[in-house]
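Single-letter residue listing:
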Amino acid sequence: MISDDAIWQQKILDINDDAAFNEVAIALFKVQAKHCKPYGDFIKLLNIDCIKIKYYDQIPFLPITFFKSHQVITKQFNPQAIFTSSGTTGDKTSQHHIKNLNWYEIVSANFFSQHYEKPNLKILGLLPSYLERSGSSLIYMVRKLMRLYNGDELDFYLYDTEALYLKLKNLAALGQPTVLFGVTFALTDFSKRYEIDFPQLTVIETGGMKGRGYEPIRATIHDELKKCFFNAQIHSEYGMTELLSQAYALDGHHFITPQWMKLLLRDTNDPLTLHPIQGGINVIDLANFATCAFIATQDLGRKHPNGIEVLGRFDHADVRGCSMLIQ
């Protein structure tokens, strides 16, 4: 007998147009409104009639902070892992209870391979802040991609940037297609010390300037990286602890999503209303069928014809306004 999870997984992977996405999204919304208690309680507080929800842009989005204050799961299960967000000492971090790690591996590898798979591809990781703590979904994903493409070779680099530089030089000499996942602050630090001409290299900047004060806009960061990585492609990844799926900016700025994921924009003055051009980013990630697939993030975005540009995060006043709505 096929399990409910297997049925959801197949439906999600089979999505090929907006109508199919809407059908699965509405079906999942009804299940999660009933069986995900924090989400169900949130919908009741908003006095929303679930029967009237017919299209995915009408679905209410759970503020992402609920993953810090509640156990956000749909029906009860024993998690195979709990992914946690980073945070300073004393901060309460988000927890994402993962029912099936293999599903996370399928989802992340599926979309990655659509855009990056090449013969003899090599994957490297410059992710120091993530490697130094447990529970990172990004480290889990990159490690699994390394297993898929590198075999037994796990090419993570902590603070040994000289070793990474020599590795990149060797791969460049071989002309080997390579993807380097890097946290933003580590990539910018690397770019101040080294230069390398590597046309077969794609650098995927994952965000993250924690503890570094002012965070430059992405265009400025990428301009700096291009001075270091000559002729390389500079891309970006958009993912988070609370999501199983990732979006990629193949031009470095405008994020595209897998067929089971959408980024929508909400009005910054009215969090329950969508905005066509610019606002807070709401995410529908249908891969989150075991937790909550409809999440209002604390990121700001702008819509472009070729994807969503992530502008940064809400300031504290905006976040407090969202919290008042929750209360």
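All figures in this text were calculated on a predicted structure; none of them were measured in a lab. (Residues numbered from 1 in each chain as written. Predicted model: local features only at pLDDT ≥ 70, side-chain atom pairs only at ≥ 80, totals over all residues. Heavy atoms only, no water.)

Q: It is not clear to me how the sheet that holds strand 6 (residues 178–182) should be interpreted in this structure. Could you clarify?
A: Each strand in a sheet pairs with another by means of backbone hydrogen bonds, the pair being arranged parallel or else antiparallel. The sheet built from 6 strands is open, its strands ordered 5-4-6-8-10-11 with mixed pairing. Of all strands in the sheet, those bounded by a partner on one side alone are strand 5 (156–157) and strand 11 (247–249). Across 5 bridges, the pairing between strand 4 (residues 122–126) and strand 6 is parallel. Residue pairing in the sheet places Lys-122 in a bridge with Thr-178 of strand 6. Running at roughly 20° to strand 11, helix 5 (residues 101–116) makes contact with strand 4, strand 6, strand 8 (201–205), strand 10 (233–238) and strand 11 of the sheet. Along the sheet face, helix 10 (residues 218–228) touches strand 8 and strand 10 and points at about 140° away from the line of strand 10. (Pairing = 2+ DSSP bridges. Helix = DSSP H or I, 4+ residues; strand = E, 2+ residues; numbered from the N terminus. Contact = heavy atoms within 4.5 Å. Axes fitted to C-alpha atoms, helices over the stretch in contact; angles between N-to-C directions.)

Q: Help me out: how do you make sense of empty space enclosed by the protein in this one?
A: A full pass over the atoms with the stated rule returns 3 cavities of 30 Å³ or more. Taken together, 14 residues form the lining of the largest cavity, with Lys-99, Asn-100, Trp-103, Leu-244 and Ala-290 sitting closest to its centre. Elements with a minimum of two residues in the lining of the largest cavity: helix 1 (4–13) and strand 3 (95–98). A per-element tally of the lining of the largest cavity places strand 3 first, with 3 residues. The residue inventory of the lining of the largest cavity, partitioned by class, reads 6 nonpolar, 6 polar and 2 charged. (1 Å grid on protein atoms, 1.4 Å probe; cavity = no way out; pocket = protein on both sides within 12 Å on 5 of 7 lines; lining within 4 Å. Points joined across faces, edges and corners; volume = space filled by probe spheres on them. Nonpolar A, V, L, I, M, F, W, Y, C, P; charged D, E, K, R; others polar.)

Q: Looking at this structure, how should I read the pattern of salt bridges?
A: Any two side chains of opposite charge can pair, so long as their charged atoms come close to each other. All chains considered together, the criterion is met by 12 salt bridges. The partner of Lys-167 in a salt bridge is Asp-155, and the shortest N-O contact between them spans 3.7 Å. Placement of the pair is Lys-167 in helix 8 (residues 161–174) and Asp-155 in the loop between helix 7 (137–150) and strand 5, with a sequence separation of 12 residues. Residues Lys-167 and Asp-155 agree in their burial class; the two are buried. Put simply, Glu-309 and Arg-302 hold a salt bridge, and the shortest N to O gap is 3.3 Å. (Salt bridge = Lys/Arg side-chain N within 4 Å of Asp/Glu carboxyl O. Buried < 20%, exposed > 50% of the residue type's maximum accessible area, 1.4 Å probe, protein only.)

Q: Help me understand the layout of surface pockets, please; the structure alone is not making it clear to me.
A: The probe, sized like a water molecule, is rolled over the atoms to show the empty space still left. The computed volume of the second largest pocket comes to approximately 480 Å³. Lining the second largest pocket are 26 residues, and of these Lys-262, Leu-263, Leu-264, Lys-303 and Ile-308 sit closest to its centre. Those elements giving two or more residues to the lining of the second largest pocket turn out to be helix 2 (18–35), strand 13 (261–266), strand 15 (294–304) and strand 16 (307–313). Ranked by residues supplied to the lining of the second largest pocket, first place goes to strand 13 with 5 residues.

Q: Before we go on, may I ask you to explain helix 2 in this structure?
A: At 3.6 residues per turn, the α-helix brings residues three or four places apart onto the same side. Helix length check: helix 2, at 18 residues, gives a terminal C-alpha distance of 25 Å against a target of 26 Å (1.5 Å per residue), a fit within 8%. Within the span of helix 2, buried status applies to Ala-20, Phe-21, Asn-22, Val-24, Ala-25, Ile-26, Leu-28, Phe-29, Gln-32 and Ala-33. For helix 2, the side-chain oxygen to backbone nitrogen distance between the N-cap and Ala-19 is 3.3 Å, and the N-cap itself is Asp-17. (Expected span 1.5 Å × (residues − 1). Polar contact = N/O pair within 3.5 Å; in protein donor to acceptor, adjacent residues only side chain to side chain.)

Q: I would appreciate a short explanation of the environment of Ile-73 in the present structure.
A: Mapped onto the elements of the fold, Ile-73 is located in the loop between helix 4 (66–69) and strand 2 (81–84). Once the C-alpha coordinates of Ile-73 and Pro-199 are considered, the two residues, 126 residues apart in sequence, prove to be 44 Å apart. Every residue in contact with Ile-73, bar those within four places of it in the chain, is listed here: His-35, Cys-36, Lys-37, His-97, Ala-290 and Thr-291.

Q: Is there a simple way to explain the confidence of the model for the protein chain in this structure?
A: In regions of low pLDDT, the predicted coordinates are not meant to be interpreted in detail. Averaged over every residue, the pLDDT of the protein chain is 91; residues scoring 70 or more account for 92%. Scored below 50 in pLDDT, residues 317–327 makes 10 contacts in the model with residues more than four places away or belonging to other chains. (pLDDT = per-residue confidence, 0-100.)

Q: Can you help me understand the environment of His-97 in this one?
A: With respect to the helices and strands, His-97 occurs in strand 3. In this structure His-97 comes out as buried when scored by relative accessible area, which is 8%. Between the alpha carbons of His-97 and Ile-139 there is a distance of 16 Å; along the sequence they are 42 residues apart. Side chain to side chain, His-97 and Gln-71 meet in a polar contact 3.5 Å long.

Q: Can you walk me through helix 1 in this structure?
A: Buried residues of helix 1: Asp-5, Trp-8, Gln-9 and Ile-12, and no others. Seen along its axis, helix 1 keeps its buried residues to an arc of 100°; they face one direction. (Arc of directions from axis to C-beta.)

Q: Teacher, can you tell me more about the side chain of Glu-242 here?
A: By the element assignment, Glu-242 lies in the loop between strand 10 and strand 11. Ignoring any residue separated from it by four or fewer positions in sequence, one finds Glu-242 in contact with Ile-64, Phe-67, Ser-94, His-96, Asn-288 and Ile-295.

Q: Would you mind going over the pairing of strand 16 with me for this structure?
A: In regular strands, side chains alternate between the two faces of the sheet. As paired elements, strand 12 (residues 254–255) and strand 16 share 2 bridges and run antiparallel to each other. The partner of Phe-255 across the bridge, within strand 16, is Ile-308. Note that strand 15 and strand 16 share 6 bridges and pair antiparallel. Among the inter-strand pairings, Asp-299 is bridged to a residue of strand 16, identified as Arg-313. Hairpin connection of strand 15 to strand 16: 2 residues between the antiparallel strands.

Q: Even after reading the chapter, I still don't get the nonpolar core, so can you show me in this structure?
A: The nonpolar side chains of a soluble globular protein tend to be buried with one another. One finds Phe-112, Ile-123, Phe-181, Phe-229, Leu-286 and Phe-294 to be the most contacted residues of the largest nonpolar core, which totals 104 residues. With residues up to four places along the chain from it excluded, the contact list for Ile-123 reads Phe-112, Val-142, Leu-145, Met-146, Tyr-149, Asn-150, Asp-155, Val-179 and Phe-181. (Core = buried A, V, L, I, M, F, W, Y, C linked by side-chain atoms within 4.5 Å.)

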